[in-house]
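Summary of structural features
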Amino acid sequence: MAMTLPHQIGALTGTAIASDSVATVRAAVSPARRSPARSLRCAARKQGLPAAEIGLRSASPSLPVSPRIGRMRPDLSAACQALMDAPPVMAEGENEGAVVREYKEQRRAQDKSKGVPVYVMMPLDSVTMGNTVNRRKAMNASLQALKSAGVEGVMMDVWWGLVEREKPGEYNWGGYSELLEMAKKHGLKVQAVMSFHQCGGNVGDSCTIPLPKWAVEEIDKDPDLAYTDQWGRRNYEYISLGCDTLPVLKGRTPIQCYGDFMRAFKEKFEHLLGDTIVEIQVGMGPAGELRYPSYPEQNGTWKFPGIGAFQSYDKYMLSHLKAAAEAAGKPEWGSTGPTDAGHYNNWPEDTNFFRKEGGGWNSPYGDFFLTWYSQMLLNHGDRILSSAKAIFENTGVKISVKVAGIHWHYGTRSHAPELTAGYYNTRFHDGYLPIARMLARHGAVFNFTCIEMRDHEQPQDAQCAPEKLVRQVGLATREAQVPLAGENALPRYDEFAHEQIIQASSMNIDGEDRDMCAFTYLRMNPHLFQPDNWRRFVAFVKKMKEGKGANRCWEEVEREAEHFVHVTRPLVQEAAVALMQ
């Protein structure tokens with residue numbers, strides 16, 4: 001005999017939930033109301049009227065730092081997500097089961113239609129330091145919920161610091177084996193991130209996973225293996241690309257270590273490649289992004305919207321700089337990077353190097369340094385992709401690279417934060433086309449962040465322009481003929497962010513809609529499964545799968561989604577209250 005839903009929740013969370021309390025909460029919760037504005041918006045769209053003409057334009061601020069989860073226990077997700085298993089086994093009438101079946105049938109019918117598949121990022125700590133699945137029951141229930149909502153798959157970080165932690169060449173795939181089999185069981189595809197960076201110290205990092213112990217030992221012996229700024233501050237998030245080709249890691253080069261890790265992953269999970277594992281995202285820097293660690297949040301070093309700082313002062317980077325300066329016939333340029341580029345939290349006009357009038361960035365020296373600095377980053381990406389392509393060739397998986405959406409001070413001439421991160425992008429120089437062309441040579445996907453942001457939501461004094469930045473990247477990927485994928489940079493659950501993602505995922509460039517190949521949603525957590533957030537998310541996934549051309553308003557789609565989730569709302573609220581006590 002099937003367990004009732006309250007008993008399922010209790011089993012998953014370890015908290016007993018009385019059946020009669022369900023009825024109490026069910027009676028206490030009022031049905032969701034829709035504002036007149038949203039109904040008006042639906043009517044206006046059907047009539048072809050822009051929302052701005054009926055006064056509906058609104059902003060939901062996108063904060064420069066990720067919101068904190070507050071006091072809610074992480075395993076709230078078990079209770080919230082387990083609810084999605086409920087309709088087939090609830091003994092409250094056949095109608096609810098019919099609603100779920102109808103929703104799934106509609107979703108299957110739309111699978112072949114034009115649209116953008118949605119993936120969801122899994123928690124950073126999905127695998128424990130003991131190489132087991134973290135919150136196993138919650139994870140299983142979460143994956144079931146996501147699959148039932150029409151999600152294509154999940155993205156999971158495969159941490160170098162967990163798998164090869166103890167000794168070089170010894171790989172423990174324990175938790176990942178179980179997690180990938182779990183995804184396969186639920187029919188979810190997987191984007192596997194080869195995470196060669198440290199977790200901790202960046203926006204949204206909720207746990208700490210250092211680099212492998214033996215790699216940290218080598219850094220302790222030779223601190224110049226870490227990125228270094230002009231004040232001597234070391235950054236241990238990722239090994240400096242200045243030593244990419246030197247055998248500094250117990251006889252192996254960093255590039256060899258990354259290649260060996262990917263090869264071991266392929267050998268272990270070859271049976272899942274191309275079927276369950278459909279994409280390998282190759283980590284290339286802090287937060288897994290192809291960039292320098294120019295804006296580290298750890299210890300308050302950097303705060304939004306500071307310009308960041310160049311990371312070219314370890315002995316290996318300086319050695320490359322010296323050689324480049326001598327080759328250019330300017331040996332005097334090779335002893336150091338810019339010394340007048342300010343500090344992490346300065347603004348462009350605070351510095352001689354980045355100011356708009358007479359700034360060093362727009363001088364012959366500035367062009368030399370920025371060209372060298374960005375080319376070193378491109379060469380780093382080229383090396384790792386050459387290895388990844390050789391390893392995963394003919395396995396049926398895509399290879400992708402994540403590029404950071406550095407949108408602050410984008411409206412200035414120098415684009416200082418992009419320059420310190422390694423993107424030579426100014427008012428007079430396109431920094432994203434060279435990246436797109438490098439990816440094109442390897443057939444890789446260009447994965448870009450900040451897709452959810454709107455210009456007017458950001459601090460205007462910092463001249464933030466995420467929409468313009470996304471468009472520039474769209475133009476670059478079109479010219480280079482590289483597939484574009486997207487992510488949201490910060491957690492957002494509101495319909496304004498969802499609408500922005502839908503618009504950006506099918507960007508109109510010169511009268512032609514160019515669809516992204518995939519979108520990855522940040523992130524699986526208790527907030528996502530809160531009743532209103534979950535309802536909006538289900539509607540969002542549906543809209544993304546239908547494609548922008550479906551021309552259906554949010555209210556209509558959310559009403560359909562409401563049929564799918566309405567029976568679970570009271571129980572979600574009850575579970576949330578119980579777990580927060």
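Keep in mind the model is a prediction, meaning the values are calculated, not measured.

1. Re the overall build of the protein
The secondary structure content of the protein amounts to 19 helices and twelve strands. Buried residues in the protein amount to 59% of all 581 residues. Counting contacts in the protein only where the partners sit at least 6 residues apart, residues at least 24 apart contribute 77% of the total. Surface exposure of the protein reaches about 23,000 Å², of which carbon and sulfur atoms provide 50%.

2. What about the nonpolar core?
In this structure, Trp-160, Phe-265 and Phe-446 are the most contacted members of the largest nonpolar core, which totals 151 residues. Excluding residues that lie within four positions of it along the chain, Trp-160 makes contacts with Arg-165, Ser-195, Phe-196, Leu-211, Pro-212, Trp-214, Ala-215, Ile-239, Leu-249, Cys-257, Tyr-258 and Phe-261.

3. A short note on the pattern of salt bridges
Here the idea is simple: oppositely charged side chains can pair when their charged atoms come close. For the structure shown, the criterion picks out 26 salt bridges. As a salt-bridge pair, Arg-135 and Asp-125 come within 3.5 Å of each other at their nearest N and O atoms. Within this pair, whereas Arg-135 is found in the loop between β1 (118-121) and α6 (136-148), its partner Asp-125 is found in the loop between β1 and α6, the two being separated by ten residues in sequence. Residue classification places Arg-135 among the partly exposed positions, given a relative accessible area of 26%. One salt bridge in this structure joins Arg-454 and Glu-499, with 3.8 Å as the shortest N-O distance. Taken as a pair, Arg-454 in the loop between β8 (445-448) and α15 (466-480) and Glu-499 in helix α16 (residues 495-505) lie far apart in primary sequence, 45 residues in all. Given the relative accessible area of 11%, Glu-499 is considered buried. It is possible to trace a salt-bridge network through shared partners that takes in Glu-164, Arg-252, Asp-260 and Arg-263.

4. Description of the UniProt feature "binding site: substrate" (unreviewed entry) in the protein
Feature annotation in UniProt assigns "binding site: substrate" (unreviewed entry) to the following positions: Asp-157, His-197, Asp-205, Lys-402, His-407, Thr-449, Asn-488, Ala-489 and Arg-523. Structurally, the position occupied by Asp-157 is in strand β2 (residues 153-159). Residue class for Asp-157 comes out buried when judged on its relative accessible area of 17%. Those residues in contact with Asp-157 that lie beyond four places of it in its chain are Leu-124, Tyr-176, Val-193, Ser-195 and His-197. Residue His-407 is classed as buried on the basis of its relative accessible area of 3%. Beyond its immediate stretch of four places on either side in the chain, His-407 contacts Phe-304, Cys-450, Met-453, Gln-458, Gln-463, Cys-464, Ala-465, Pro-466 and Leu-469.

5. Quick word on the environment of Ser-505
Mapped onto the fold, Ser-505 is located in helix α16. For Ser-505, a relative accessible area of 3% gives the class buried. Spatially, the C-alpha atom of Ser-505 lies 9.8 Å from that of Glu-452, the residues being 53 residues apart in sequence. Residues contacting Ser-505, with those up to four places away along its chain left out, are Val-116, Arg-514, Asp-515, Met-516 and Met-544.

6. Brief notes about the pairing of strand β5 (residues 234-239)
Successive side chains on a regular strand alternate, one facing one side of the sheet and the next facing the other. Sheet topology note: the strand β4 (residues 226-228)/β5 ladder contains three bridges and is antiparallel. Of the residues in β5, the one forming a bridge with Ala-226 is Ile-239. Linking β4 to β5, which pair antiparallel, is a turn of five residues; within it Gly-232 sits at a positive phi near 85°.

7. Some points on helix α11 (residues 315-327)
It helps to recall that an α-helix has 3.6 residues per turn; residues three or four apart then point in one direction. With 13 residues, α11 extends 18 Å from end C-alpha to end C-alpha; this agrees with the ideal 18 Å at 1.5 Å per step. If you follow the buried residues of α11, they end up packed against α12 (364-392). Near the N-terminus of α11, the side chain that reaches the backbone nitrogen of Tyr-316, with its oxygen 3.0 Å away, is that of Asp-314.

8. Notes on the packing of helix α14 (residues 433-441) against α15
Packed helix pairs are characterised by how far apart their axes lie and by the angle those axes make with each other. One way to put it is that α14 packs onto α15 with a least axis distance of 9 Å and a crossing angle of 40°. Taken together, the axes of α14 and α15 lie oblique to each other. Remark: the crossing between α14 and α15 carries right-handed chirality. Here α14 contributes Leu-433, Ala-436, Arg-437 and Ala-440 to the contact with α15, which in turn contributes Ala-476, Thr-477, Glu-479 and Ala-480. Residue classes in the contact of α14 with α15 are distributed as five nonpolar, one polar and two charged.

Scoring rules and cut-offs
Residues numbered from 1 in each chain as written. Predicted model: local features only at pLDDT ≥ 70, side-chain atom pairs only at ≥ 80, totals over all residues. Heavy atoms only, no water. Helix = DSSP H or I, 4+ residues; strand = E, 2+ residues; numbered from the N terminus. Buried < 20%, exposed > 50% of the residue type's maximum accessible area, 1.4 Å probe, protein only. Contact = heavy atoms within 4.5 Å. Areas by Shrake-Rupley, 256 points an atom, 1.4 Å probe, with all protein chains shown as cover. Core = buried A, V, L, I, M, F, W, Y, C linked by side-chain atoms within 4.5 Å. Salt bridge = Lys/Arg side-chain N within 4 Å of Asp/Glu carboxyl O. UniProt positions renumbered as here; feature names shortened; annotations may be inferred. Pairing = 2+ DSSP bridges. Expected span 1.5 Å × (residues − 1). Polar contact = N/O pair within 3.5 Å; in protein donor to acceptor, adjacent residues only side chain to side chain. Axes fitted to C-alpha atoms, helices over the stretch in contact; angles between N-to-C directions. Parallel < 35°, antiparallel > 145°, perpendicular 65-115°, else oblique. Left-handed = near helix turned anticlockwise from the far one by under 90°. Nonpolar A, V, L, I, M, F, W, Y, C, P; charged D, E, K, R; others polar.

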